[in-house]
Amino acid sequence: CWRQNAGDTFACREAYPGAIGRVDVVRAIHLEGGRAVGRLFLYAGGRHYELHEYPTGTEGFWLVNKDPLEVKKQTCKLEEKHPLGRLFYMDVLNAQGASVSRRDLGLPPRRCLICGEEAAVCARSRAHAMEDLLAVIRQTVAAVLGRGS
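## Regarding the overall build of the protein chain
Alright, step 1. If you tally the helices and strands in the protein chain, you get 4 helices and 5 strands.
Alright, step 2. Within the protein chain, the proportion of its 149 residues that are buried is 38%.

Right, dumping it as structure tokens:
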């Protein structure tokens, strides 16, 4: 699907889990996030972009020839500053294909949109119904983009 050269970093926005990735509101988030990430990577020396459609949703890949920690720092800033940033799911990979985490930057883990606990804990335990998560996502998108489905 993609090739990686020495010194290149891939940043990946992955699909949401399960069937939620095919919901129109998630597509709207992906499009808005893709524009924001594209602008960020254009200024960061991005050299390549790929978009893939999967049954679970859409994934975008950017090839950026920058230090992976710096790219992760920039994606975390985008998550914090963009009105839909909490809804973006971005992953940065180093030249060996290993994920660069928020922890690598000394940042706290992402928080659950519903209860504020660590998002990974809620996701693993399936603490919240998918319908509840989708309702929060729709409310956020409606407030920012003026649409919710």
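## Overview of the pattern of salt bridges
Alright, step 1. Applying the stated criterion across every chain, the model contains 5 salt bridges.
Alright, step 2. Here Glu70 makes a salt bridge to Lys73, at a shortest N to O gap of 3.7 Å. Of this pair, Glu70 and Lys73 both sit in helix 2 (residues 68-81), 3 residues apart, which is roughly one turn of the helix.
Alright, step 3. A salt bridge links Glu79 to Arg110; its shortest N-O distance comes to 2.9 Å. Here the residue Glu79 occupies a position in helix 2, and Arg110 occupies one in the loop between strand 5 (99-100) and helix 3 (119-125), the gap between them amounting to 31 residues.
Alright, step 4. Overall, the relative accessible area of 25% leaves Arg110 in the partly exposed class.
Alright, step 5. Each of Glu79, Glu80, Arg102 and Arg110 takes part in a single network of salt bridges with overlapping partners.

## Regarding unusual backbone geometry
Alright, step 1. Positive phi, normally seen in glycine, also occurs at Arg126, with a value near 55°.
Alright, step 2. With respect to the helices, strands and loops of the structure, Arg126 is situated in the loop between helix 3 and helix 4 (130-145).
Alright, step 3. Residue class for Arg126 comes out exposed when judged on its relative accessible area of 73%.

## Topic: helix 2
Alright, step 1. A rise of 1.5 Å per residue sets the reference length of helix 2, with its 14 residues, at 20 Å; its end C-alpha atoms lie 20 Å apart and thus fit the reference within 8%.
Alright, step 2. The set of residues buried in helix 2 consists of Pro68, Val71, Lys72, Thr75, Cys76, Leu78 and Glu79. Down the axis of helix 2, the buried side of the element spans an arc of 155°, and every buried residue falls inside it. Turned more than 90 degrees away from the buried face of helix 2 sit Glu80 and Lys81, all of them exposed.

## Concerning helix 4
Alright, step 1. An ideal rise of 1.5 Å per residue puts 22 Å on 16 residues; helix 4 measures up with 22 Å between its terminal C-alpha atoms.
Alright, step 2. Residues of helix 4 that are buried: Leu134, Ile137 and Val141. Down the axis of helix 4, the buried side of the element spans an arc of 60°, and every buried residue falls inside it. Set apart from the buried face of helix 4 by more than 90 degrees, the exposed residues are Gln139 and Ala143.
Alright, step 3. At the exit of helix 4 stands Gly146, carrying a positive phi of roughly 80°.

## Topic: the confidence of the model for the protein chain
Alright, step 1. Summarising the model, the protein chain shows a mean pLDDT of 79, and 78% of its residues fall at 70 or more.
Alright, step 2. At the level of individual helices and strands, the protein chain shows its lowest average pLDDT in strand 1 (residues 9-13), which scores 55, and its highest in helix 3, which scores 93.

## Some details on the nonpolar core
Alright, step 1. In terms of nonpolar packing, the biggest core is built from 19 residues, with Phe88 and Val141 touching the most fellow members.
Alright, step 2. Secondary structure elements with two or more residues in this core: helix 1 (24-43), strand 3 (57-64), helix 2, strand 4 (90-93) and helix 4.
Alright, step 3. Broken down by element, the residue count for this core peaks at 6 residues, all from helix 1.

The rules we used
- Residues numbered from 1 in each chain as written.
- Predicted model: local features only at pLDDT ≥ 70, side-chain atom pairs only at ≥ 80, totals over all residues.
- Heavy atoms only, no water.
- Helix = DSSP H or I, 4+ residues; strand = E, 2+ residues; numbered from the N terminus.
- Buried < 20%, exposed > 50% of the residue type's maximum accessible area, 1.4 Å probe, protein only.
- Salt bridge = Lys/Arg side-chain N within 4 Å of Asp/Glu carboxyl O.
- Expected span 1.5 Å × (residues − 1).
- Arc of directions from axis to C-beta.
- pLDDT = per-residue confidence, 0-100.
- Core = buried A, V, L, I, M, F, W, Y, C linked by side-chain atoms within 4.5 Å.

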